[in-house]
Amino acid sequence: MKKQKAFVYRCSACGHEEQKWLGRCPECGEWNTLAETAVSPVVKRGMPSQGRRGEPNPESIPLAAVDPQEGKRVPSGIDELDRVLGGGIMKRSCILVGGEPGIGKSTLLLQAAALAGTKGRVLYVSGEESAGQIRMRGDRLGLDAGAQQRIEVLCSGCIEDIERSIEKTRPLVIIIDSVQTLYSAEAGLSPGALNQMRFCAWELISWVKEHDAALFLVAHVTKDGLIAGPKALEHMVDTVLYFEGNFSAAGGDCRFLRAVKNRFGSVDEIGIFTMGEKGLAPVEDPSLLFLVRREGELPPGVATAAVLEGSRTLLVEIQALTSPAKGSMSRVFSDRIDSARVSRVAAAIEKHLALRLSDQDLYINAAGGIKISEVGAELALAAAIYSARTGLSLPAKTCIAGDLSLTGEVRPIRRLPVRVRTAANLGYDSFVGPLPDSAEALPGRFTGVKNIGEAIKALFGPAPPAARHSPS
Ligand code: TYD
Ligand code: MG
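Our subject in this report is the structure included herewith. Because the structure is predicted, anything quoted here is derived from the model rather than measured.

What about helix 9 (residues 378–390)?
For helix 9, spanning 13 residues, the distance from its first C-alpha to its last is 18 Å, which sits close to the expected 18 Å at 1.5 Å a residue. With respect to burial, helix 9 is a largely interior element, 13 of its 13 residues being buried. Remark: Gly391 follows helix 9 within two positions and exhibits a positive phi of approximately 80°.

Structural data, given as structure tokens:
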């Protein structure tokens with residue numbers, strides 16, 4: 001790409017920078033606000049440590065003098081995406097969006113292209129679909145005429161074509177669908193080669209860092225979750241998002257967007273969508289999504305956990321099944337909750353409740369297929385395992401949260417009052433959790449417990465000894 005000049009044209013209204021003078025700022029739409037502003041020289045391609053990637057000053061400067069990037073965010077127009085990004089699309093950032101084919105990456109980014117809060121152009125580069133196919137998807141998504149006008153489509157994976165188009169259209173958001181189709185005609189290699197993909201991605205990343213734009217790179221991930229190629233790009237980009245799922249307890253078509261790396265926000269937040277006739281729609285209240293509607297008494301082996309996903313509380317039904325071990329060693333089958341965690345909780349139950357589990361195979365599931373990594377789910381997991389092994393059902397409309405230590409103690413968890421309130425709002429009138437650390441009144445019937453023994457008593461009543469080893 002072209003070498004950066006010693007000056008840029010900066011908009012006096014919004015601070016947006018352009019390499020060429022324009023009568024109207026493409027970002028804020030103001031007229032005659034771009035003025036020549038000096039920048040320090042940028043060194044040549046391939047020398048990232050010496051000032052490429054948007055840090056145009058190779059000399060050190062006091063931290064206090066650095067222009068904070070914070071605040072330079074553009075809303076994507078999709079709240080769930082903004083939430084995962086940490087409050088919108090950061091300018092000069094590069095976001096890798098990974099996921100299995102068919103999960104909805106192209107749909108998500110075309111919707112974001114149409115709704116992004118920028119008046120400038122959006123360049124949608126597709127090496128996989130024809131312009132006609134993209135237009136058809138746009139029509140299906142109901143993109144308005146303004147959005148269709150603003151989105152420039154280029155169907156090519158050739159980096160030289162893409163660069164030409166970028167120089168011509170000066171986009172503020174660039175979407176590459178997908179990195180696997182990028183190649184350089186000059187380098188003469190075929191698409192898909194790793195160094196080729198890295199080289200092309202680096203070119204694009206460098207451009208957006210220098211031009212106040214943002215870049216989305218779509219990356220396909222294979223069924224077994226291997227991202228051999230795109231994984232090699234993770235260190236080069238600012239944010240890595242994964243789009244996954246395809247299920248919900250209610251049988252809907254539900255997808256999760258998670259950040260696994262984010263230089264500009266937390267990686268705790270998830271975005272939840274459903275795929276419908278008109279593309280992806282946000283799930284505004286996901287708290288009920290992972291529950292199974294049940295009437296009357298619960299079957300044994302089922303417990304409801306109140307878990308935190310970022311800033312939201314979700315109620316999730318955890319299901320456990322024990323069956324006598326088929327081999328000489330018992331095994332844990334659990335792909336929603338880490339198996340090592342399940343084994344640890346089972347060992348704590350065996351030790352502190354004298355309930356034999358080591359001769360049992362354990363099967364664990366979470367309704368709706370959500371993966372749970374939060375420690376607050378451990379007490380509910382313990383209750384589900386206990387219930388499965390003893391054949392005793394948990395009381396209906398009871399929610400559980402707590403961190404279980406190896407010593408059998410129930411330890412405090414983050415944001416207990418919020419979890420209790422969410423459960424109460426959803427009709428869960430009783431809650432068993434760790435002793436609250438403040439005297440704040442909790443809604444509904446709350447029972448604070450110190451250890452697993454107290455929790456089991458609170459949930460099942462004093463356990464009848466006969467139930468301890470039945471059914472085997
Ligand atoms: P797509 O965005 O093409 O997935 P990816 O880019 O990750 O491969 O979405 C694919 C699926 O979504 C496809 O099976 C069709 C479906 N879909 C809908 O159900 N509704 C819609 O409005 C759109 C655009 C797609
Ligand atoms: Mg696609």
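Quick notes on the site of ligand 1
Around ligand 1 there are 16 residues in total, and Gly102, Ser106, Thr107, Gly276 and Gly279 lie nearest to it. For ligand 1, an oxygen atom lies 3.0 Å from a polar atom in the backbone of Gly104. Measuring from an oxygen atom of ligand 1, one finds a side-chain N or O atom of Thr107 at 2.5 Å. For ligand 1, whose accessible area on its own is 560 Å², the fraction buried by protein is 75%. Breaking the shell around ligand 1 down by element, the ones donating at least two residues are helix 2 (105–115), helix 3 (131–140) and strand 13 (270–276).

Things to note about the sheet that holds strand 13
Strands sit in the order 8-7-9-10-6-11-12-13-14 across an open sheet of 9 strands; the sheet is mixed. Both edges of this open sheet fall to strand 8 (151–154) and strand 14 (279–282), since each of them pairs with a single strand only. Within the sheet, the average angular offset between the axes of one strand and its neighbour, ignoring direction, is 25°. Strand direction decides the pairing type here: strand 7 (residues 122–126) and strand 9 (residues 173–177), joined by 5 bridges, are parallel. Bridge pairing in strand 9 places Val125 opposite Ile176. Contacts from helix 6 (residues 194–211) reach strand 6 (94–99), strand 9 and strand 10 (214–220) within the one sheet, and its direction differs from that of strand 10 by about 155°.

Remarks on the packing of aromatic side chains
In the structure shown here, the tally under the stated rule is 5 aromatic pairs. Considering the side-chain rings of Phe256 and Phe290, the 5.8 Å spacing of their centres and the 45° angle between planes classify their relative orientation as tilted. Taken together, the positions of Phe256 in strand 12 (residues 254–262) and Phe290 in the loop between strand 14 and strand 15 (302–309) put the pair 34 residues apart, joining distant regions of the chain. An identical accessibility class is assigned to Phe256 and Phe290; each is buried.

Describing the sheet that holds strand 1 (residues 7–11)
Spatially, 2-1-3 is the arrangement adopted by the 3 strands of the open sheet, whose pairing is antiparallel. The outermost strands of the open sheet, each flanked by one partner alone, are strand 2 (17–18) and strand 3 (34–38). As paired elements, strand 1 and strand 3 share 5 bridges and run antiparallel to each other. Bridge pairing in strand 3 links Cys11 to Leu34.

Some details on the packing of helix 8 (residues 339–353) against helix 9
Viewed as axis vectors pointing N to C, helix 8 and helix 9 meet at an angle of 65°, and their least axial separation amounts to 10 Å. Crossing of helix 8 over helix 9 shows right-handed handedness. Residues Arg341, Val342, Arg344, Val345, Ile349 and Leu353 of helix 8 form the contact with helix 9, whose own contacting residues are Glu378, Leu381, Ala382, Ile385 and Tyr386. Considering only residue class, the contact of helix 8 with helix 9 consists of 8 nonpolar, no polar and 3 charged.

Topic: the environment of Leu233
Within the element layout of this structure, Leu233 appears in the loop between helix 7 (228–231) and strand 11 (239–245). Using a relative accessible area of 0% as the deciding quantity, one classes Leu233 as buried. Spatially, the C-alpha atoms of Leu233 and Val179 are 9.5 Å apart, while their sequence positions differ by 54 residues. Filtering out sequence-adjacent residues up to four positions away, Leu233 remains in contact with Leu96, Val179, Met197, Arg198 and Ala201.

Quick word on a nonpolar patch on the surface
A contiguous nonpolar surface patch, about 310 Å² in accessible area, is contributed by Ile61, Leu63 and Val66. Inspection of the secondary structure puts Val66 in the loop between strand 3 and strand 4 (73–74).

Criteria and thresholds
Residues numbered from 1 in each chain as written. Chains lettered and ligands numbered in written order. Predicted model: local features only at pLDDT ≥ 70, side-chain atom pairs only at ≥ 80, totals over all residues. Heavy atoms only, no water. Helix = DSSP H or I, 4+ residues; strand = E, 2+ residues; numbered from the N terminus. Expected span 1.5 Å × (residues − 1). Buried < 20%, exposed > 50% of the residue type's maximum accessible area, 1.4 Å probe, protein only. Near = heavy atom within 4 Å. Polar contact = N/O pair within 3.5 Å; in protein donor to acceptor, adjacent residues only side chain to side chain. Areas by Shrake-Rupley, 256 points an atom, 1.4 Å probe, with all protein chains shown as cover. Pairing = 2+ DSSP bridges. Axes fitted to C-alpha atoms, helices over the stretch in contact; angles between N-to-C directions. Contact = heavy atoms within 4.5 Å. Phe/Tyr/Trp six-rings, centres within 6.5 Å; stacked < 30°, edge-to-face > 60°. Left-handed = near helix turned anticlockwise from the far one by under 90°. Nonpolar A, V, L, I, M, F, W, Y, C, P; charged D, E, K, R; others polar. Patch = residues over 30% accessible without salt bridge, like charges linked within 9 Å, V, L, I, M, F, W, Y side chains within 5 Å. Salt bridge = Lys/Arg side-chain N within 4 Å of Asp/Glu carboxyl O.

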